[in-house]
Amino acid sequence: MITCFVLIPFVISLQCDVKTKGKVKIAECKHIGLTEVPQLLPTDINVLDLSGNNIDKLYNNGYSSEIFLSLINLTKLDIRRNIQLFDTNVYHYPDNALAVLEELSSLQLDMASNPSFGKGFQRLKKLQSLTFERCYLKYLNKSVFENFSLEVQELNLIGCHLHFVYTHSDILHPFPKLTKLNLEGTCMHLQQALNILSPFTGKKFTLLDFSGLSCPIFNNNKYPYVLTITKRMMQYLKTICVESLYLSDNGIVDFEQNSLLSFERPECLKHIFFRETGSPFSKGRQMDELKSFLQNSKNLKTFDYSYIPIRYPLMYNNLGQNFVDQKQQNKSSDVIIFPRTLETLLLNNLLCYDFQRVFLIPEGSNLKYLDISFGSTFSGLFFQKNSSYNLETLLLNGHFHLTLFQEDMIDSGKIKTLKWRDAKLYSVVCPADNTYSLMLQAFFKKLEYLEHLDMSKIPFWALPENLFSKMEYLLELHLPENLFRSIPRQIMDLKNIKLLDFRQNLLTTLDKNTRIWADSMNQKHSLGIVMADNPFECICDNLDFIEWINKTKVKLDSRSYQCRLLNGTLITVREAYERMHELFSHCRNAIWLTVAFTLLSTCFITVLLLFTYSKRWKICVFFYRKFRKIVEKKYCRSFIYDVFISYEGDSLHWITNCLIPKLENEWNLKICFKDRDFLPGDIYFDTEAESIENSKHVIFLLTPSFKSSKDYMFEVERVKHEKRMQNIENIIVLAKDITLKDIPTELAYIWNYVSFIQWPDNAGDLDVAWQKLRRWICNELV
């Protein structure tokens, strides 16, 4: 007897993840490369997710009516992101196949450029939510949706941006019960979107998302991207009671009187978004309407007025008589008072120099989330007494100044999250006066409830004293892309910290005290440390650190950080640990030599001390005379040059046009530049030796042709001699257009005395590189 099994459909169904959540059974079959609807799925599933596959035959005659017959219990079907781009011929969706799903309440599909939904869709009488996401739509009229259920309450037509969508004003007549309409990113122009609201005059909507409808690529005379809102455009929207309204990124630059903000029921609005507009609130009359609108919006919770890109000052004559009229009014008319119900305020990325505005948070405000990041504006934000009592999240990214922090702002605040990134606050660490440092400390002392702090890209190399002294609840501290060479000691006073982020700093190791503290904190409540992209060193002094990385139970983002051997080779910390005996055997020998030397030295020192005690007075007189001459020589010494530059000819242009102007013109340093400062006729090597001897610092500028230089070995040896004589403070190796592995081996012999900078190719990293160089050669200016 021969038994035959059909395995292919069964294998396909096994790829789906079937699970149960409460009383709902879900089959997730997304992103697994399916080319057709899988068979032999459980017949009692309620949700089927087929999104992100290659099922491109979603049209009539592509499927039989039995394809979904075993899945009649489905209430939600997601088959988005399957069909590919096609032409503008009429595309007939498989209404016969889908008609059996009479329990379906949510359907998610791709949208063809010229779609047709047949009469089979009339049987989906329980359908309430309809979503089209991958969208190639070009034409949209009433007949497109006429066969869908009258019970549809939610319509999402998202991201139709390949073509300009020509829309009839009656397309939504088949949906009389619609309460959610999302057209985000669909290029049908805001003017058309406002016209299709005609069937809903006086009705209620939970959501109207008209973001990004006026696409610049389809700008024309009839539907211009730069848009002035008229009364006629708002004739239907103004009557609708809408809770969440999105009008962002539509090129709105102005509006007629009693149009954009003239809602008949402003008390319905809870969330409104004017993100990425052309600053329509720049004139006296518009400002008055905005103030009146906010005054009447008694239930407003979210106001987004961010990414306003007006970078130029508007002249008085551009503002017309409205400006003159406003200047004659009382100063209080410039004040915009937000309602007390407001919970989220977004005023980030304001680049407005067009008008002075004063935003006021009133007493008793419910404000919880405030974002004023990256602002450059004449506008000001003020807080009345106790108006920040409920504030939990504050974003100050990009702000250097501390003038925002009035006493009343956070006296009663309970801020839990502070993000203050890319703020260039390094001057508060070592300022000329300590005003900013004291202000920063005073501000942080008020943040006693803070749980999450992000201060990325400041760049700090140290922290102001007692910065975290009051932060007993701090759980996460993010300090990536700074200049820390070690974990600041005051961080170890944080009793509840659970995550430290020190990515892209200058850490070469974690010292013993930090490692002990980290292990103890991990035993207490688990601790995570993120340290990727730091210049760790795999050297003899770091063997304990290498071993700790591989054995600690602290949650690290990696056990394979890159580290540098003494000879400059890059390996991983894990590899260094596994090859420890091979790579660091000389370290053990050095330990025994150290022990033996210590014993011999102890004996010698004992004898020397006995002898010294017997001759103490003669020795005192002798050393007094000698040390006096040394001190006089050291402290009365004056250098001719601040910096001597060792280089080859291929870097001459960069030195002349970039390095010399920076060091001499901006930092006021005196540079020894051979092609400029060496006089003809003198013996070259004598002049070079004297110049190095009379220089406070030396920079080796390493470029691809440096190793071919005829005299770089003489310069290296001379610098080694002057360093031994303690005549040079810093030796800086600046690698430009080469990697560390190409650095001459002769420099490895002075590597322990070298400060290394890999000059970045990315212009965005130049500020940090210049900051490092400045710290090492002009400390008195930092």
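The following paragraphs examine the structure supplied in this document. Predicted, not measured: the structure shown is a model, and the values here were computed from it. (Residues numbered from 1 in each chain as written. Predicted model: local features only at pLDDT ≥ 70, side-chain atom pairs only at ≥ 80, totals over all residues. Heavy atoms only, no water.)

1. Some remarks on the nonpolar core
So, point 1. Core analysis: the largest hydrophobic core is formed by 162 residues, its most contacted members being Leu181, Phe210, Phe303 and Phe444.
So, point 2. In terms of residue count, the dominant contributor to this core is helix H9 (residues 543–551) (five residues).
So, point 3. Residues in contact with phenylalanine 444, not counting those within four places in the same chain, are Leu418, Trp420, Leu453, Met455, Leu467, Phe468 and Met471.
So, point 4. Counting 24 residues, the second-largest nonpolar core is a separate cluster that includes Ile645, Ile732, Trp759 and Ala769. (Core = buried A, V, L, I, M, F, W, Y, C linked by side-chain atoms within 4.5 Å. Buried < 20%, exposed > 50% of the residue type's maximum accessible area, 1.4 Å probe, protein only. Helix = DSSP H or I, 4+ residues; strand = E, 2+ residues; numbered from the N terminus. Contact = heavy atoms within 4.5 Å.)

2. Some thoughts on the sheet that holds strand S34 (residues 641–646)
So, point 1. Taken together, the five strands give an open sheet; going across it, the order is S35-S34-S36-S37-S38, and neighbouring strands pair in parallel fashion. Edge positions in the open sheet fall to strand S35 (671–672) and strand S38 (754–758), since each of these has one partner strand only.
So, point 2. Pairing of strand S37 (residues 730–735) with S38 involves five bridges; the strand directions are parallel. The partner of alanine 735 across the bridge, within S38, is glutamine 758. (Pairing = 2+ DSSP bridges.)

3. Thoughts on the state of the cysteines
Formally, a disulfide is one covalent bond, and it connects the sulfur atom of one cysteine to the sulfur atom of another.
So, point 1. Scanning the entire structure with this criterion turns up six disulfides.
So, point 2. Two residues share a disulfide in this structure: cysteine 16 and cysteine 29, whose sulfurs sit 2.1 Å from each other. Classification of the bridge connecting cysteine 16 and cysteine 29 rests on its S-S torsion, roughly 120°, and on that basis the disulfide is right-handed. In this pair, cysteine 16 sits in the loop between helix H1 (8–14) and strand S1 (17–21) while cysteine 29 sits in the loop between strand S2 (24–28) and strand S3 (47–49), placing the two residues 13 residues apart along the sequence.
So, point 3. A relative accessible area of 9% means that cysteine 16 is categorised as buried.
So, point 4. Put simply, cysteine 241 and cysteine 268 are joined by a disulfide, and their sulfur atoms are 1.9 Å apart. Here cysteine 241 and cysteine 268 share a disulfide; its torsion about the S-S bond, -100°, makes the bridge left-handed. Placement of cysteine 241 in strand S15 (residues 241–246) and of cysteine 268 in the loop between strand S16 (252–255) and strand S17 (271–273) is noted, with a sequence separation of 27 residues between them. (Disulfide = S-S within 2.5 Å.)

4. Notes on the sheet that holds strand S32 (residues 562–564)
So, point 1. In space, the three strands of this open sheet follow the order S30-S32-S33, with mixed pairing throughout. The sheet terminates laterally at strand S30 (536–537) and strand S33 (570–572), the two strands that pair on one side only.
So, point 2. Of the strand pairs in this sheet, S30 and S32 are connected by two bridges, and their pairing is parallel. Its bridge partner being in S32, phenylalanine 536 is matched across the sheet by cysteine 563.

5. Comments concerning the side chain of lysine 662
So, point 1. The topology assignment puts lysine 662 in helix H14 (residues 652–666).
So, point 2. Of the polar contacts made by the side chain of lysine 662, one reaches the side chain of glutamate 666; its length is 3.2 Å. (Polar contact = N/O pair within 3.5 Å; in protein donor to acceptor, adjacent residues only side chain to side chain.)

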